[in-house]
Amino acid sequence: ALNGDTIEVRAGTYVENINFNGKQLLLSGESAETTIIDGNWQERTVELNGQSTIQNFTITRGDNAENSDRGSGMRITTSGASVRNCIFTDNRGSGGGDHIKIGAANNVIVENCQFFNNLSSEPLFADNGSEGGIYVNCFIDANGKGKVSGNGWPSFINCTIVNFTDSAYRCGGNGEAVLRNCIFVPAPEADEAKVVDSDSFPFQILVEHCRVVGVQRNRSNENGASLTFGAGNITSDPLFVDAANGD
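All residue numbers refer to position in the chain's written sequence, counted from 1. Restriction of local features to residues with pLDDT of at least 70 applies here, the model being predicted, together with a cutoff of 80 or more for giving and counting side-chain atom pairs; totals for whole chains, interfaces and linings are based on all residues. To obtain the side-chain values, all non-hydrogen atoms of the structure were used and water was disregarded.

Visitor: Give a detailed account of the sheet that holds strand β3 (residues 18-19), specifying residues and quantitative values.
Guide: Two strands pair under a simple rule: DSSP has to find at least two bridges between them. Going along the chain from the N terminus, every DSSP run of H or I of four or more residues is numbered as a helix, and every run of E of two or more is numbered as a strand. One open sheet accounts for eight strands, arranged β3-β6-β9-β12-β15-β18-β21-β24; its pairing is parallel. Each having just a single partner strand, β3 and β24 (194-196) make up the two edges of the open sheet. Across three bridges, strand β12 (residues 100-102) lies against strand β15 (residues 124-126) in parallel orientation. The partner of I100 across the bridge, within β15, is L124.

Here it is as C-alpha cells:
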C-alpha cells in the first residue's frame, strides 16, 4: 500500500500481526463484530506507527510478554493516529496496557471502542510523558485487574470505566487531563476504590459531570499535583424524574 490509500477488509478472521510501517493509511473492516485480527498469541497484534486510521475491527490474542513490553493488542507511536469503532478483547502482556499502549505520540484519538478481558494487568497504558491522546465514547472493562495507568495523561470524554480495583485512573506527568461526562463503577469487591490516584507527579486533573465513587475531595501536594472535582459530579445512580415520559 502507498501513503493515502484506503484498504477495505471483508468480514472474516485474519490470523496475523499488522505493522503500518510508518505509512499514512485508512484500514477499514466491514464491522468490528465480523472482521477480526487475531494475533494468535504471537507478539503484538497491531503496530500503529503511521499517521493512519484503523477502524471497524476486533483486535484479539496479542501477547507481547516475551518482549517485556506493553500494548499487546496495539501500540501507537505516531502522533495524529486514530482508532475508531474497534473491539479489543483477550490480549495479554507485561507491565500493563494489555490492549493499548500509546507510546511516543500525541493527538491520538481512540473513539467508539470497547475493551474487554485484559488477561494480565491494566487494560490501557500511556507511556510517553505527554498527553498522548484522548479516549472518546469508549467502554473499558478493567476485568478486576487494575486501572488506566502510565506516565502520560490522556483525557477521557463520555467514557465508561468499570471493574477497576484500587482506582480507575492512575496516570501522571507534568500536564493537565480532563475526565468529563464519564461513568466509573468499581469491581464489586473494591469497596475502597476511587476515581483518581495520581499524587506523585506535578499533575493537574479535572473531573466534571461524572458519576464518581468514593469521597469527592479536592487535593494537592508539594509536587504541584492537584485533583479538582468540578461541576456536575454525582455519587449515586441517576434517577429519572418521570420515566413514563422519558424525563
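Once the structure has been displayed, the description carries forward.
Visitor: Tell me about the nonpolar core, residues and numbers included.
Guide: The biggest cluster of nonpolar side chains holds 55 residues, and the ones touching the most others in it are I54 and F156. Here, residues are in contact when the closest pair of their heavy atoms is within 4.5 Å. Setting aside residues no more than four positions away along its own chain, I54 makes contact with F20, L27, I37, V46, L48, I59, M74, S82, V83, R84 and C86. Nonpolar cores were defined as sets of buried Ala, Val, Leu, Ile, Met, Phe, Trp, Tyr and Cys residues, with membership established by side-chain atoms within 4.5 Å. To sort residues, take the accessible area from a 1.4 Å probe on protein chains only and compare it with the maximum for the residue type: under 20% means buried, over 50% means exposed, and anything in between is partly exposed.

Visitor: Could you give me a rundown of the environment of L48, with the residues and numbers involved?
Guide: Summarising the element assignment, L48 is placed in strand β6 (residues 46-48). In this structure the C-alpha to C-alpha distance between L48 and N19, which are 29 residues apart in sequence, comes to 6.4 Å. Those residues in contact with L48, other than ones at most four positions away along the chain, are F20, I54, M74, R75, I76, T77, T78, A81, S82 and V83.

Take it as geometry only, folks, not as evidence of what the structure does.
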